[in-house]
Amino acid sequence: MSSDRRAWAAVAVVCAALFLLGLDFTVLNVAIPRLRAELGPTLAETQWIVDGYALALGGCVLAAGALGDRYGRRRAFLAGLALCGLASVAGATGDGAARLVAARCGMGLGAALFMPATLSTVVHVLREPAARRRAIGIWAAVAGVGAVFGPVAGGLLVERYGWQAAFWLNVPVITVIAAAALVVLPESRDPEARPLDRPGALLSCAGLLALVWGVIEAPGRGWNSAGVLAAFAVAAALLAAFVRRQLRCTAPMVPVRLLGGGPVWPATLSLALMSFAMFGAMFLLTLYLQQVRGLSAWQAGLRMVPLSVGLATGAILGPLLARQLGARVPSAGGLLLIAAGFVQLGRLAADFGDAPVLVFESLAGVGAGLLAPVATEVVMSAVPAGLAGVGSALNDATRQVGSTLGVAVLGSVLATALTDAAPGDPAAFTDAFVDGLTAAAVVGATVAVLAAALAWRRLPGRRPRPVLIPEPD
């Protein structure tokens, strides 16, 4: 196999793993009714069966990226796949809520290990800028499409084979991916082999875990509850200690210069805000289609397919526009398309058909697809090759926190509206749901517009073409 073909085979393998990660993020949502009917977990236990994956992934991904840089990204990739597969078997054979929560946390920890290795491997195997941009576009599209297809695959499998299928699905897929990785995936690591910043890794894990826990618990407990406020205070203290250590440590886990005055922090923040809007919207749409429109999980999942088409389309166009116009135009333009999509989502109060949903998914999907590969390329281009795992993990961590916040915040906006609905009155519930969805759409559009302003102001524009000065005669 030629080196070029081998490189693209490696890209295909890591993108397959990334698709599975996105699928696992949402596939269990549609299985919850059957799971609760069979195992009878409490509402809190049910929430942690779903959210344990996001908690472990979001809390540990930054430290996992540093581990991959030091000990080998291929090794981290395979270890993460193995852990995710074993945890999936434990979940599929589980007979109680505690075991399912532990299994989902184990799956999230495995995903935290292999997720940074996917993007850092793309950067490592493709050195030519045009090929790398094309591969990052594919990577960004796959990252979104996997999450969109979670309800589709989950609806089909759960209806036929039960909630256990949401776990068993991983086992054959992981086996195939791991076998292919052993053949085509090259090993890479930080050539400087700096010592691992263990205190920094612990501080980042603990701080991100506290932050994600608080975000997940806030809708149920209340944003001003003592437990949630305490979690946010602990997260702020631990993450501040982490930043302070990175400033003083001789071998920091995340070099502070990456987050200085350059484009890394606006690019990662733009990705986080995009994830906030998109994942929050996907959560609300799934509820709307099933609880208001009365569609089955399978039917609701099919109506999310246009979002994946939009993501793929935008991911193709984004790098092409960035090459001609710089990162600023496709990034800010993509976020404005997401805002326009949210405006259409607010029309559900006047039109309960598929049209507002389709328009939202088309606009927001293309918009997110435009931004994701371009902002990701900005981040990875600014990161030294030896720190590709940390750069990838930084990109992944901000997106995970943003998506978790989006579900929590927009979900809380909806829940506030539903508290005014008269119990047992379907018409009142529908009106309250649409009012809440409209309010959430306003929040989502506002966040997208603010992110567009940030991207336009801080991301690089078109590079000036060199001026050719004729030589004197």
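Residues numbered from 1 in each chain as written. Predicted model: local features only at pLDDT ≥ 70, side-chain atom pairs only at ≥ 80, totals over all residues. Heavy atoms only, no water.

Caption draft 1: Spatial organisation of the pattern of salt bridges. Applying the stated rule across the entire model yields three salt bridges. Salt-bridge contacts for R245 lead to D197; the nearest nitrogen and oxygen are separated by 2.7 Å. Pair noted here: R245 is in helix 10 (residues 226-248) and D197 is in the loop between helix 8 (170-184) and helix 9 (198-221), with a separation of 48 residues, a long-range link. Residue classification places R245 among the partly exposed positions, given a relative accessible area of 31%. (Salt bridge = Lys/Arg side-chain N within 4 Å of Asp/Glu carboxyl O. Helix = DSSP H or I, 4+ residues; strand = E, 2+ residues; numbered from the N terminus. Buried < 20%, exposed > 50% of the residue type's maximum accessible area, 1.4 Å probe, protein only.)

Caption draft 2: Main features of the confidence of the model for the protein. When pLDDT is averaged along the protein, the result is 85; 93% of the residues meet or exceed 70. Note on residues 464-473: pLDDT is under 50 here. Beyond four places in sequence and across chains, it has zero contacts. (pLDDT = per-residue confidence, 0-100. Contact = heavy atoms within 4.5 Å.)

Caption draft 3: Structural detail: the side chain of R73. Within the fold, R73 resides in helix 4 (residues 73-92). Sequence-distant contacts of R73, defined by excluding residues within four places in its chain, comprise G68, A117, S120, E187, S188, R189, D190, A385, G386, L387, A388 and G389.

Caption draft 4: Highlighting the nonpolar core. F77, M274, Y288, I338 and F342 are the most contacted members of the largest nonpolar core, which has 137 residues in total. Ranked by residues supplied to this core, first place goes to helix 11 (residues 264-292) with 15 residues. Those residues in contact with M274, other than ones at most four positions away along the chain, are L335, I338, A368, L371, A372 and R399. (Core = buried A, V, L, I, M, F, W, Y, C linked by side-chain atoms within 4.5 Å.)

Caption draft 5: Inspection of the packing of aromatic side chains at higher detail. Following the criterion strictly, the structure yields six aromatic pairs and no others. Both rings, one in W163 and one in F167, keep their centres 6.2 Å apart while their planes meet at 85 degrees; by these two values the pair is edge-to-face. A relative accessible area of 1% means that W163 is categorised as buried. On the basis of relative accessibility, which here comes to 1%, the residue F167 falls in the buried class. Note on F342 and F360: the rings are 5.3 Å apart at their centroids and 65 degrees apart in plane angle, and the pair reads as edge-to-face. Here F342, found in helix 14 (residues 328-345), pairs with F360, found in helix 15 (residues 355-382); they are 18 residues apart in sequence, far enough to count as distant. The pair formed by F342 and F360 is uniform in burial state, with each residue classed as buried. (Phe/Tyr/Trp six-rings, centres within 6.5 Å; stacked < 30°, edge-to-face > 60°.)

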